[in-house]
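Each chain, written out:
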Amino acid sequence: MRNKHVFYVILSFFMVIFTAMIGYFVWYVQFNAPKAINSSYNMRQNDLERQVIRGTIFSAKGEILAEEAMNSQNVEVRYYPYNELFAHAVGFSTHGKTGVESAANIELLTSNAPIGERLQKEMDGLRNYGDNIYTTYDADLQKAAYDALGVYKGAVIAMEPKTGKILAMVSKPDYDPNTVSENWAAISSDTDNSPLVNRATQGLYPPGSTFKIVTLLEYIREHPDDYENYSYTCKGKMNYDGVDIECYHRSVHGSEDLRESFEKSCNCSFANIGTLLGIKKFSGTAGDLLFGKTIPTDLAYSKSSFVLDEESGSEEILQTAMGQGKTLITPLHMALITSAIANDGILMRPYEIEKRTNYLGELISETEPKKYKTLMTEKEAEILTDFMVGVVENGTGKRLKGLSYSVAGKTGSAEYGTIKGNSHAWFTGFSNVEDPELVVTVIMEGAGSGGDYAVPVAKRVFDAYYKR
Amino acid sequence: MSTALLGLSRYLLAILMAFYTFHCFMPFAYGSEKERGGFYIFQIVFLMLIHILGFTVLYFRTDDPRCVYYGALQSVLFIGTIVIFHIVYPSGSPMIVNNTCMFLAIGFIMLMRLSEGKSLRQFLIAAVSVCISMAVPYLVSDLRLLSKVTWVYGFAGVAALSAVLVAGAVTNGSKLSYSIAGITFQPSEFVKIIFVLFLAGILTDVNQKRAKGEDWLLYFAGAVGLGFAHILILALSRDLGGALILFVIMVFMVYAALNNPLVLGAGAFGAVAGALLGYRLFSHVRTRFLAWREPFSYIDGQGYQITQSLFAIGTGSWFGMGLYMGSPDKIPVVEQDFIFSAVSEEMGCIFSVCLILVCLSTFLLFMNLAMAVHQTYYRLVVLGIAINYIFQVFLTVGGVTKFIPLTGVTLPLVSYGGSSVLATLIMFSIVQGIYLIKAESDARAEVRHAK
């Protein structure tokens, strides 16, 4: 056995597997690790904090949203100058981590200060300055949304459909992140208000009539050529297969086509549509719109649910078609569906972190707007937009008519609980219909009808946006 | 001064380790041992600097005077080993000795940081093992002690493993060890050595029979059967790493001896079939596989170890957190299976990639020797030891970095564990013995040539 080639074969085998392994290792450390180590299970974040001073979080325009500061006892604390305003959006880092404080945790604890300075500080046993994060949040818009929501529990989201930038995200009830650690026991045990829950991303609500967007899309998909021929006569209530359906406040809408049914948000008509749909296809369309799917965000969120299948009974089908039933959705998800409609069917990946700089302001990395998925065809988006314009022009969204900007949207009054008439007020829509600029989604718990309560809140947000 | 040193230490350690690694590969570019001498001297310098710097940092961080004592005693052990070996065995390989000391030094530093008690034990075990293994090259080269008791080796291996399977203690769900007089033995570590000797002997016989035209198939089949018996017992003891290592050794040794690519095909087929069968039959195999595919979905259970390891490596990043500045103790069994993650976390990934490269340079050295030795038997022994060593490195490093599923094997000479240190030192010393045999026959050949 003087044949050396055997040894070269064996040598090559091990060289190949080791090269692959080292390559994988290096790739992990350089590219995957920063994301992977940002987990609440990684207790090593405290190790980083001993070496790095946590960076500052800014608004898009450079207002400070969170920074390290000295308190009156000269102890370093995390300071949130806007108090409650950004409670959920920016979050806190003092008792666990939430919001941007969580999403950008490792970046805030990593220093990209000039290398000479870093070495000098390490040699002096001092901590280095962590990187800064510029968010996409607009403090003025956030303030407008916060004030507009007033004393109601609920959430407001404002985002750019073309980029996915989240400009404002409010959730109420809230808390002061400056004192969240001191008041932890009270805040975390307040189950009536659940102030820690970011309702914008984690609150699961029945979509109410805003869901009619989905039912409408499904009907159009099943009747692409003759959906305009649909007609129905609403008597304020209906009965199908032993199931009773009523319109909101038992309004009698009379004879109507598909467009009028949508503009007036006629429950009876949409329950009727429900009886005409293929359930499997309906479920597929809901899936296309990300019901039951993951949502592309680094914020903590809940998954929306759509539960119809071929076994479902008439009651469930009818209720679901008009937006009640067991369907649940988060305000963020609603805003994303609306964004896709506004953006020719294309959903942009939502983001709230604009860029990362070192503490001197030199750019380290920047988020580029990125397409996530096409949720519907351009044609479908166009039809839905047209119908949503009708809601504002002739229907439940009239309060947004005749302004300096145009709006397309849909209201919702989602009944909840067992007492008749209690409803969450919904609005979701976008401004400047020809060239969509801003999506606003509003949910107000137990406020009443969407047209009367949620639409005015959305209007104040749109007004603030165009006054800038 | 001490603050500055502490601040800079992680960069210094990475740089020193990079230099050391560089000097592990440079010798391959030069033909004669004379020309290589300078590199070996530099290796010793960097080895000592790394060891001293490591223990200085540990001392400054803890103010524990034992850091100074242990560090000093270990330095004596390293220098003593290097010098005595050079005097006793001038034609052995100095680089293997240097690398051995390097691995031990990294282990000593990391173990001292993790657990003073384990560091001391490891040091004592290493000192005794070094003394024992110092005699091995002599036994191999002068007394030719490795002559062919082949079948005895084979049956002894099966017997030892069976004894553990039946009567052994249950550690970490795998029956791996048994204790005599308070000292825990892990026979599988030593069985690996005799397994290599067994196969080398059998395969040498097979080649002789083939050369003479005798019937060899039955003889060969019997040996392969006995080899599989080893692997099966290890698999039943749930020592998947051990079973896999023996399997790979067997495939490559048979391939080298028969010089038939079909063996590699059969080996690949066997590996796939074995993996599928294991997955079907054993729940712990499925668990490992799941923990590898989606560790973050099982972070509270089966995925806990690997995710902690990934956190450690990722948080440490290129230059590490610095000794005592990370949390390697959060990884279960960090001193044994996860020592590589601990090194990565606190000394950095540049350092740990260099460590892998030093392991590879050791393997290259073994392979070079295997190709240069004339006698079939010794070539196969060196080949078997080389594969045993490098494949174990692959399993442990690949496992803790999530490149492959975890198999729970140690990083030779760096991880804590007496049986593993002694067995590895014996294997390295057998290789040294074969270096001596080669030098002897080279010298004879030269004399013949001169005549």
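Keep in mind that what you see is a predicted model, and the values were worked out from it rather than measured.

*Asks:* Looking at this structure, I do not really get the overall build of chain B. What am I missing?
*Replies:* Regarding its fold elements, chain B presents 17 helices and three strands. Scaling as 2.2 N^0.38, a compact globule of 451 residues should have a C-alpha radius of gyration of about 22 Å, and chain B matches this with 22 Å. If you line up chain B on its principal axes, its C-alpha atoms span 75 × 65 × 40 Å. The proportion of buried residues among the 451 residues of chain B is 53%. Restricting to contacts in chain B with at least 6 residues of sequence separation, those with at least 24 account for 70%.

*Asks:* Where do I start with the overall build of chain A in this structure?
*Replies:* When you go through chain A residue by residue, the secondary structure sums to 16 helices and 19 strands. Overall, chain A is about 85 × 80 × 40 Å in size when its C-alpha atoms are taken along their principal axes. Looking at chain A as a whole, 51% of its 468 residues are labelled buried. Pairs at least 24 residues apart make up 66% of the contacts formed inside chain A by residues separated by at least 6 positions.

*Asks:* Got a minute to help me understand the sheet that holds strand β17 (residues 407-415) of chain A in this structure?
*Replies:* Whether parallel or antiparallel, the strands of a sheet pair through hydrogen bonds between backbone atoms. All names here are of chain A. Reading across from one edge, β8-β7-β19-β18-β17 is the order of the five strands in this open sheet, with antiparallel pairing throughout. Bordering the open sheet on either side are β8 (166-172) and β17, each of which pairs with just one other strand. Shown here is a sheet whose adjacent strand axes are inclined to one another by a mean of 5°, direction ignored. Where strand β7 (residues 154-159) and β8 come together, six bridges link them in antiparallel fashion. Its bridge partner being in β8, Val156 is matched across the sheet by Val170. The strands touched by helix α14 (residues 331-342) within the sheet are β7, β18 (423-431) and β19 (439-444), with β19 carrying the most contacts at an inclination of about 150°.

*Asks:* It is not clear to me how the sheet that holds strand β3 (residues 64-70) of chain A should be interpreted in this structure. Could you clarify?
*Replies:* Residues and elements named next belong to chain A. Across the sheet, which stays open at both edges, the six strands sit in the order β4-β3-β2-β6-β14-β15 with mixed pairing between neighbours. In this open sheet, the two strands that pair with only one neighbour each are β4 (76-79) and β15 (363-366). Summarising the sheet, strand β2 (residues 57-58) and β3 pair through two bridges and their orientation is antiparallel. Bridge pairing in β3 places Phe58 opposite Ile64.

*Asks:* Where do I start with the domain arrangement of chain B in this structure?
*Replies:* Size of an interface: often given as the accessible area lost when the parts come together. Residue and element names in this part refer to chain B. You can read the domains of chain B as domain 1 (2-146 + 286-450) and domain 2 (150-279). On a C-alpha basis, the centroid separation for the pair domain 1 and domain 2 is 25 Å. Counting residues at the interface gives 23 residues for domain 1 and 27 residues for domain 2. Taken together, the elements giving at least two residues each to the side of domain 1 that touches domain 2 come down to α12 (283-293), α16 (376-400) and α17 (418-450). Here the side of domain 1 that touches domain 2 is built from residues that sort into 14 nonpolar, eight polar and one charged.

*Asks:* Looking at this structure, I do not really get the interface of chain B and chain A. What am I missing?
*Replies:* Of the residues lining the interface, 40 residues belong to chain B; the matching set on chain A comes to 31 residues. Of all the secondary-structure elements, those providing two or more residues to the side of chain B that touches chain A are α1 (2-25), α10 (240-258), α13 (304-316), α15 (349-372) and α16 of chain B. If you tally residues by element for the side of chain B that touches chain A, the top one is α15(B), at eight residues.

*Asks:* Would you mind going over the environment of A:Ala425 with me for this structure?
*Replies:* Residues and elements named next belong to chain A. With respect to the helices, strands and loops of the structure, Ala425 is situated in strand β18. In this structure, the C-alpha to C-alpha distance between Ala425 and Glu415, residues ten residues apart in sequence, is 9.1 Å. When near neighbours in sequence (up to four residues on either side) are disregarded, Ala425 contacts Ser413, Met444, Ala447, Gly448, Ser449, Gly450, Tyr453 and Ala454.

*Asks:* Teacher, can you tell me more about the nonpolar core here?
*Replies:* Generally speaking, nonpolar side chains in soluble globular proteins are found buried as a group. Counting residues in hydrophobic clusters, the biggest one holds 278 residues, and the most contacted among them are A:Val156, A:Ala158, A:Val461, B:Val381 and B:Val382. Per element, the largest residue contribution to this core is 17 residues, and it comes from α16(B). Viewed by domain, this core spans two of them, domain 1 (2-146 + 286-450) and domain 2 (150-279) of chain B, each represented by three or more residues.

*Asks:* Explain unusual backbone geometry here, please?
*Replies:* When glycine is set aside, most residues are seen to have a negative phi, and most peptide bonds are trans. Going from A:Lys172 to A:Pro173, the amide bond is cis rather than trans, its omega being 5°. By the secondary structure assignment, A:Pro173 is in the loop between β8 and α7 (184-189). In this model, A:Ser265 sits at a positive phi of 55°, which is unusual for a non-glycine residue. Note that A:Ser265 resides in the loop between α10 (258-263) and α11 (267-276). Residue classification places A:Ser265 among the buried positions, given that 29 C-beta atoms sit within 10 Å. Residue B:Lys402 is not a glycine yet carries a positive backbone phi of 65°. Mapping B:Lys402 onto the fold places it in the loop between α16 and α17. A count of 23 C-beta atoms within 10 Å places B:Lys402 in the buried class.

*Asks:* So what exactly am I meant to see when it comes to the environment of A:Ser59 here?
*Replies:* Residue and element names in this part refer to chain A. Within the element layout of this structure, Ser59 appears in the loop between β2 and β3. Given 23 C-beta atoms within 10 Å, Ser59 falls into the buried group. Once you skip the residues sitting within four places of it in the chain, Ser59 turns out to touch Leu65, Thr135, Tyr137, Asp138 and Ala139.

*Asks:* Looking at this model, I keep getting lost on the packing of helix α9 (residues 212-222) of chain A against helix α12 (residues 279-288) of chain A. Mind explaining?
*Replies:* When two helices pack together, you describe them by how their axes are tilted relative to each other and by the distance separating the axes. All names here are of chain A. Contact geometry of α9 with α12 gives a least axis separation of 10 Å together with a crossing angle of 120°. Between α9 and α12, the crossing angle belongs to the class labelled oblique. For the pair α9 and α12, the sense of crossing is right-handed. Note on element contacts: α12 touches α9 through Lys281, Phe282, Thr285 and Ala286, opposite Val214, Leu217, Glu218, Arg221 and Glu222.

*Asks:* Would you mind going over the confidence of the model for chain B with me for this structure?
*Replies:* Caution applies to low-pLDDT regions: their predicted coordinates should not be interpreted in detail. All names here are of chain B. For chain B, mean pLDDT is 89; residues scoring 70 or higher make up 94% of the total. The weakest mean pLDDT in chain B belongs to strand β1 (residues 169-171) at 53; the strongest belongs to helix α14 (residues 339-347) at 96. Predicted complex, confidence summary: ipTM 0.94, pTM 0.84.

*Asks:* Please clarify how the packing of α14(B) against α15(B) should be interpreted in this entry.
*Replies:* Residues and elements named next belong to chain B. Axis separation between α14 and α15 bottoms out at 7 Å; the angle between their running directions is 140°. Put simply, α14 runs oblique to α15. Side by side, α14 and α15 meet where Phe340, Val343, Ser344 and Met347 of the first sit next to Cys349, Phe351, Ser352 and Leu355 of the second.

Procedures and definitions
Residues numbered from 1 in each chain as written. Chains lettered and ligands numbered in written order. Predicted model: local features only at pLDDT ≥ 70, side-chain atom pairs only at ≥ 80, totals over all residues. Helix = DSSP H or I, 4+ residues; strand = E, 2+ residues; numbered from the N terminus. Rg over C-alpha atoms; globule rule 2.2 N^0.38 Å. Buried ≥ 20, exposed ≤ 12 C-beta atoms within 10 Å, placed from the backbone. Contact = placed C-beta atoms within 7 Å. Pairing = 2+ DSSP bridges. Axes fitted to C-alpha atoms, helices over the stretch in contact; angles between N-to-C directions. Domains from an automatic or database assignment. Nonpolar A, V, L, I, M, F, W, Y, C, P; charged D, E, K, R; others polar. Core = buried A, V, L, I, M, F, W, Y, C linked by C-beta atoms within 7 Å. Parallel < 35°, antiparallel > 145°, perpendicular 65-115°, else oblique. Left-handed = near helix turned anticlockwise from the far one by under 90°. pLDDT = per-residue confidence, 0-100.

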